Amino acid sequence: PVMQAEPLPAAMVQLDLTAPCLMNQRVTLHHNGMMFTSMTDLDGALQLVVPALSETAVFIADFGNGEGAVAHSTVPELALFDRAVAQWKGDLGLQLHALEYSAGYGEVGHIWAGAPGVRDAALRGQGGYLTRLGDFDLAEGYRAEVYTFPSGRAASAGDVRLSVETELTADNCTRDIQAESLQLSSGAGPVVRELTLSMPGCDTLGDFLVLNNLLQDLKIAAK
């Protein structure tokens with residue numbers, strides 16, 4: 001396997017993994033404490049765009065059978081962005097939500113998987129966006145959601161409220177679930193938090209729970 005990394009705007013990195021002898025195989029990508037599981041295609045290739053979590057970014061692809069690849073990239077503009085990561089394993093129903101500038105749920109400025117925002121807005125300093133990483137259809141795969149906000153070029157001052165929530169489903173009710181967060185601010189090293197939560201019984205399916213203390217809200221100063 002061979003992997004290449006190319007920096008992109010908004011402190012993103014494009015990964016190109018080529019593994020012609022490992023077609024249609026699971027592979028877990030690791031970067032600065034973040035991990036997620038994807039699949040190569042029928043040619044053994046995988047292309048991803050990943051938010052960088054360090055200016056000197058190292059990415060590792062692990063096939064779990066002794067095979068793997070490493071790629072490096074330099075991402076100097078990372079200091080202009082704040083990033084919040086929620087990650088977990090399996091189908092736990094977790095969601096990362098960001099409420100920008102007093103936005104309510106379902107309003108403009110509510111960024112989540114159902115309304116992920118766009119990278120171009122972040123490049124203009126006008127809002128954040130969400131990146132989902134990992135194949136969410138893979139059983140027991142690692143998954144991550146990453147929220148990016150352009151704190152170093154924000155057009156307006158204000159707050160961004162961050163939360164991790166989960167819907168009670170038949171797959172997670174009565175279970176103990178584990179989640180982890182990583183939070184990166186102004187290019188500083190990530191702050192890592194872990195949480196284990198005992199989910200309620202299955203008689204209240206569809207209810208939402210907020211996982212407290214996994215992420216800190218952002219205080220934005222206009223630039």
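Above this text sits the structure in question.
We now turn to the structure provided with this report. (Residues numbered from 1 in each chain as written. Predicted model: local features only at pLDDT ≥ 70, side-chain atom pairs only at ≥ 80, totals over all residues. Heavy atoms only, no water.)

## Looking at the overall build of the protein
Next, step 1: What the protein contains, in helices and strands, is one helix and 17 strands.
Next, step 2: Expressed as lengths along the three principal axes of its C-alpha atoms, the size of the protein is roughly 50 × 50 × 25 Å.
Next, step 3: Residues counted as buried form 45% of the 223 residues belonging to the protein.
Next, step 4: Of the roughly 10300 Å² of accessible surface on the protein, a fraction of 50% belongs to carbon and sulfur atoms. (Helix = DSSP H or I, 4+ residues; strand = E, 2+ residues; numbered from the N terminus. Buried < 20%, exposed > 50% of the residue type's maximum accessible area, 1.4 Å probe, protein only. Areas by Shrake-Rupley, 256 points an atom, 1.4 Å probe, with all protein chains shown as cover.)

## Here we look at the pattern of salt bridges
Next, step 1: All chains considered together, the criterion is met by three salt bridges.
Next, step 2: Close ionic contact of Arg-132 with Glu-145 constitutes a salt bridge, the shortest N to O distance being 3.0 Å. On the criterion of sequence distance, the pair formed by Arg-132 in strand S11 (residues 129-133) and Glu-145 in strand S12 (residues 142-149) is long-range, its members being 13 residues apart.
Next, step 3: Taking the shortest distance from any N to any O, the salt bridge between Asp-159 and Lys-219 comes out at 3.5 Å. Residue Asp-159 is located in strand S13 (residues 158-167), and its partner Lys-219 is located in strand S17 (residues 218-220); the two are separated by 60 residues in the primary sequence. (Salt bridge = Lys/Arg side-chain N within 4 Å of Asp/Glu carboxyl O.)

## Focus: the sheet that holds strand S14 (residues 176-184)
Next, step 1: Taken together, the five strands give an open sheet; going across it, the order is S11-S12-S8-S14-S15, and neighbouring strands pair in antiparallel fashion. Here the strands that pair on one side only, and so sit at the sheet edges, are S11 and strand S15 (191-198). This sheet shows a mean twist of 15 degrees between the axes of neighbouring strands, independent of strand direction.
Next, step 2: Of the strand pairs in this sheet, strand S8 (residues 82-89) and S12 are connected by eight bridges, and their pairing is antiparallel. Paired with Ala-84 across the strands is Tyr-147, a residue of S12. (Pairing = 2+ DSSP bridges. Axes fitted to C-alpha atoms, helices over the stretch in contact; angles between N-to-C directions.)

## Regarding the side chain of Ser-181
Next, step 1: Residue position: Ser-181 is located in strand S14.
Next, step 2: With relative accessibility at 1%, the residue Ser-181 sits in the buried group.
Next, step 3: Within polar-contact distance, the side chain of Ser-181 engages the backbone oxygen of Leu-214 at 2.5 Å.
Next, step 4: For Ser-181, the residues in contact, after removing those within four places along its chain, are Val-85, Val-191, Val-192, Arg-193, Leu-214 and Leu-215. (Polar contact = N/O pair within 3.5 Å; in protein donor to acceptor, adjacent residues only side chain to side chain. Contact = heavy atoms within 4.5 Å.)

## A word on the sheet that holds strand S6 (residues 56-62)
Next, step 1: Read across the sheet, four strands follow the order S4-S3-S6-S7 without closing on themselves; strand pairing throughout is antiparallel. At either margin of the open sheet sits one strand with a lone partner, and together these are strand S4 (34-39) and strand S7 (68-74). Between one strand axis and the next, the sheet turns through 20 degrees on average, direction left out of account.
Next, step 2: Across six bridges, strand S3 (residues 26-31) lies against S4 in antiparallel orientation. Counterpart to His-31 in the pairing with S4 is Met-34.

## Topic: the pairing of S13
Next, step 1: Sheet topology places strand S9 (residues 94-100) next to S13; seven bridges connect them, and they run antiparallel. Residue Leu-99 lies in a different strand from S13, and its bridge partner there is Arg-161.
Next, step 2: Here four bridges tie S13 to strand S16 (residues 208-211), and the two strands are oriented antiparallel to one another. Bridge pairing links Glu-167 to Phe-208 in S16.

## A few points about the packing of aromatic side chains
For any two aromatic rings, the description comes down to two numbers: the centre-to-centre distance and the angle of the planes.
Next, step 1: For the structure shown, the criterion picks out three aromatic pairs.
Next, step 2: Members of the aromatic cluster, connected to one another through ring pairs, are Tyr-101, Tyr-147 and Phe-149.
Next, step 3: Positioned above the aromatic ring of Phe-81 is the side chain of Arg-83, whose terminal nitrogen or guanidinium carbon lies 6.0 Å from the ring centre.
Next, step 4: Taking the ring centre of Phe-136 as reference, the NZ or CZ of Arg-132 above it sits at 3.9 Å. (Phe/Tyr/Trp six-rings, centres within 6.5 Å; stacked < 30°, edge-to-face > 60°. Lys NZ or Arg CZ within 6 Å of the ring centre and 35° of its normal.)

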